[in-house]
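Letter by letter, the chains look like this.
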Amino acid sequence: MSWKRFKELFQNRKPDESHFTLGIDIGQDSSALAFYNAISGSTELLDMSGGYGRPSVPTVVQYLTESKEWVFGEYAVLNKGVGRDVTLASFMDKLGQKEDWDLDGRSVSLVNVLGLYLKELIGGLKNINPKAEVAGAVAAVPSYASAEFREELTRAFQAAGFGKELIRLATDRECVLTYYLTREKPRSESVLLLDYGSRALRGGVYQIQPEKDRIAVKAQSFLFSDALGAKRIDEKLMALFLSYFPPKAPRREKEQLEAFLFQHKDLLLQKSDWQKPVKLYFNFTYPPIQRTVTQAQMKELTGPFRLAFDQFIFDLRAQNASAGQLSGQLSEQAPGGQIDTVVCTGGGFEMHWAKEAAREHFPASRLIFYKNAKSAAAEGAALLAACHLGVVDAPAIQIEDHLLIQEDIGLLLHKKKFYPMIQSASFWWRRCPDVYFIFNEAVAAAGRGVSVPLIQRGADGVFRVIADIGPLHLPDRPKGATRLSLSLQ
């Protein structure tokens, strides 16, 4: 049933344990599912880890070629390297690119595979109440998700059978800020939101201003760095583990190392006191081997990431300082303005060095580390869903952001085909890749200038010329085509 019908239903009666209001955060590395408990008036996480006690589930799907079955989450990770099974992951990097996989001689789209994963994830609710219905759901997406990304994710929910229950896609920062502002008493303050996930470290400074019927949130700065993604640290750990084996180790042995990494990386990265070296037992090899990881090795491995983290904070505060000078709101008490509260979310903050780095950079600020670092976006999304359904009477959060480009910008080639160079939901400071295109008109006269219109495509699909690039003085070319390169910053 459509979420709009449930909204009408809840106007006359309160929701109970037979209705689930969901928040879903689909991550590159792992995903979390939360629901709003109308009885207790709070959000709760669904543990789908199969007994591992983790609030998030690996975003991994495996196809078993012999039995033609699908395996999800932890089981797909731990089963890697066994037989000819195909393991699929990294969905977030591929969404919006019309990706297809070849599985046992047939083509399967990423949208359908992700739909199977979502169906399994949401199906875990039946462990709580087999007869309960999903009243509505909000899914968190990256702030810079393209229109194609959002369109394919929406289709994945439809493939999972929850297209009518999906209320909307909300940005991850909107979800986390909703979670934070619902748990805390809203006040006028400057909040730095650091979200450290497997794909990237994201940071944004927001001015919070409570008003009568809403909470105004003004984005002062926003940066992200994929070079700092927690997945990069996994790659370094994998290289360390591979160094323990001969160069020509069997392929299956190398694949099983990924399952070993999944089981043991917390042991290496979450330790705050290295009183003794850590002994690791590689019991899947023959003969089994034992290796010792020292504190010096881990410092050497994470050291470059710590330096990059420091540079990231410096660049973020410098951008915030520029925004503050423009608006006249910059405080002289600290470089880049005074930060009242720092909210740290994402699985990256499960690593001890990342927590220590945040504490050292903001000694005078209030630091918030949530118990389940990966779950804040999912719980915030559940709160947003509850607000849409009228279950929670909370003030709306309105984010004002001039850092995001809201419409596509590109070229209209041959007066009919639009080629986007800068997609909507891009940030103005991002570097755009060079674009090559063919100019099919003849260039007849020497010195003739050729102009290329730069087009802005609105959300309604209407084209508007915002600038003319040129005139470009090209050499005589009475026949054929001219290949041009264009760069925008």
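Quantities reported herein were computed from a predicted structural model and do not represent experimental measurements. (Residues numbered from 1 in each chain as written. Predicted model: local features only at pLDDT ≥ 70, side-chain atom pairs only at ≥ 80, totals over all residues. Heavy atoms only, no water.)

Quick word on the overall build of the protein chain
Here comes step 1: Scanning the protein chain from N- to C-terminus turns up eleven helices and 27 strands.
Here comes step 2: Residue burial in the protein chain is summarised as follows: out of 489 residues, 49% are buried.
Here comes step 3: Sequence-distant contacts, at least 24 apart, represent 65% of the contacts inside the protein chain between residues at least 6 apart. (Helix = DSSP H or I, 4+ residues; strand = E, 2+ residues; numbered from the N terminus. Buried < 20%, exposed > 50% of the residue type's maximum accessible area, 1.4 Å probe, protein only. Contact = heavy atoms within 4.5 Å.)

Quick look at the sheet that holds strand 7 (residues 86-88)
Here comes step 1: Taken together, the three strands give an open sheet; going across it, the order is 6-5-7, and neighbouring strands pair in antiparallel fashion. Where the open sheet ends on each side, the last strands, each with one partner, are strand 6 (69-72) and strand 7. Taking the axes of each pair of neighbouring strands and ignoring which way they run, one obtains an average angle of 20 degrees across the sheet.
Here comes step 2: Those strands touched by helix 4 (residues 110-123) are strand 5 (61-64), strand 6 and strand 7, and its axis lies near 65 degrees from that of strand 6. (Pairing = 2+ DSSP bridges. Axes fitted to C-alpha atoms, helices over the stretch in contact; angles between N-to-C directions.)

Structural notes on the pattern of salt bridges
Here comes step 1: Counted by the stated rule, this structure contains 15 salt bridges.
Here comes step 2: Between R306 and D310 there is a salt bridge, with its nearest N and O atoms 3.0 Å apart. Within this pair, R306 and its partner D310 are both found in helix 9 (residues 295-327), separated by four residues, close to a single helical turn.
Here comes step 3: Given a relative accessible area of 21%, R306 falls into the partly exposed group.
Here comes step 4: Here D310 falls in the partly exposed class, since its relative accessible area comes to 22%. (Salt bridge = Lys/Arg side-chain N within 4 Å of Asp/Glu carboxyl O.)

With respect to the environment of K265
Here comes step 1: Residue position: K265 is located in helix 8 (residues 251-269).
Here comes step 2: Note: C-alpha distance between K265 and D234 (31 residues apart in sequence) is 7.9 Å.

Structural notes on the confidence of the model for the protein chain
Here comes step 1: Confidence in the prediction for the protein chain averages 83 pLDDT; 90% of positions are at 70 or higher.
Here comes step 2: Of the regions scoring below 50 in pLDDT, residues 325-336 engages in 18 contacts with residues more than four places distant in sequence or in other chains. (pLDDT = per-residue confidence, 0-100.)

Some points on the side chain of Q62
Here comes step 1: Here Q62 shows up in strand 5.
Here comes step 2: A residue is classified by how much of its surface remains accessible, and Q62, at 1% relative accessible area, is buried.
Here comes step 3: At 3.0 Å, the side chain of Q62 forms a polar contact with the side chain of T87. (Polar contact = N/O pair within 3.5 Å; in protein donor to acceptor, adjacent residues only side chain to side chain.)

Observations regarding the sheet that holds strand 13 (residues 201-210)
Here comes step 1: Read across the open sheet, the six strands follow the order 18-17-12-13-14-19; overall the sheet is mixed. Looking at strand neighbours, the two that pair on one side only are strand 18 (366-369) and strand 19 (396-400), the edges of this open sheet. Sheet twist, expressed as the average angle between the axes of neighbouring strands with direction ignored, equals 25 degrees.
Here comes step 2: By the bridge criterion, ten bridges tie strand 13 to strand 14 (residues 214-225) in an arrangement that is antiparallel. Looking across to strand 14, one finds that I208 is bridged to V217.

Structural notes on helix 6 (residues 172-183)
Here comes step 1: Here helix 6 spans 17 Å end to end across twelve residues, near enough to the 16 Å set by a 1.5 Å rise per residue.
Here comes step 2: Listed as buried for helix 6 are D172, R173, E174, C175, V176, L177, T178, Y179, Y180 and L181. (Expected span 1.5 Å × (residues − 1).)

Re the side chain of S30
Here comes step 1: Relative to the helices and strands, S30 is located in strand 2 (residues 30-37).
Here comes step 2: The residues contacting S30, other than those within four sequence positions of it, are D25, S56, V57, P58, T59 and K374.

Notes on unusual backbone geometry
Here comes step 1: The backbone of K68 sits at a positive phi, close to 55 degrees, despite the residue not being glycine.
Here comes step 2: Relative to the helices and strands, K68 is located in the loop between strand 5 and strand 6.
Here comes step 3: Notably, K98 is not glycine yet its phi reads approximately 55 degrees, a positive angle.
Here comes step 4: Inspection of the secondary structure puts K98 in the loop between helix 3 (91-94) and strand 8 (100-103).

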